[in-house]
Amino acid sequence: MQGTVQSPSAGTAPVAVPEELDSPSAKLVYLYLSVQGESSITELQEGLEMKKISLYSILGALCKRGLIHQDAEHYRIA
């Protein structure tokens, strides 16, 4: 079963978190990108208050799983 989180925008559908995400940090990054649309590493760092080194690791794993895409310096949900 997938977990869901309601997007803060009124009238939008809940965001589904993929089942295979076990890490709370990976879930947080995935949800942030789901709500924001796309973000740079700096925007993720500031918005989530996480270290860039941690974000690079999480983003790399999410890219390998095909859950997100990297376009130049921005990341977005696949």
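Report follows, based on the coordinates. From a predicted model like this one, the values you see are computed outputs, not experimental measurements.

Criteria and cut-off values
Residues numbered from 1 in each chain as written. Predicted model: local features only at pLDDT ≥ 70, side-chain atom pairs only at ≥ 80, totals over all residues. Heavy atoms only, no water. Core = buried A, V, L, I, M, F, W, Y, C linked by side-chain atoms within 4.5 Å. Buried < 20%, exposed > 50% of the residue type's maximum accessible area, 1.4 Å probe, protein only. Helix = DSSP H or I, 4+ residues; strand = E, 2+ residues; numbered from the N terminus. Contact = heavy atoms within 4.5 Å. Pairing = 2+ DSSP bridges. Axes fitted to C-alpha atoms, helices over the stretch in contact; angles between N-to-C directions.

Ranked by size, the top nonpolar core spans 20 residues in total, and within it V29, L44, L55, L59 and L62 carry the most contacts. Contributing elements (two or more residues each) for this core: β2 (15–17), α1 (24–36), α2 (41–48) and α3 (52–64). Per-element tally for this core: the top contributor is α1, with 6 residues. Discounting chain neighbours no more than four positions away, the residues touching L44 are V29, Y32, L33, S39, E49, L55, L59 and Y75.

Turning our eyes to something else, we now look at the sheet that holds strand β4 (residues 68–71). If you trace the 3 strands from one edge of the open sheet to the other, you get β3-β5-β4, paired in antiparallel fashion. Bordering the open sheet on either side are β3 (38–40) and β4, each of which pairs with just one other strand. Ignoring which end each strand starts from, the neighbouring axes of this sheet average 30 degrees apart. Pairing of β3 with strand β5 (residues 74–77), which is carried by 3 bridges, proceeds in the antiparallel orientation. What sits directly across from E38, in β5, is R76. Those strands touched by α1 are β3, β4 and β5, and its axis lies near 115 degrees from that of β3. Its contacts with the sheet place α3 against β4 and β5, and it is angled at close to 110 degrees to β4.

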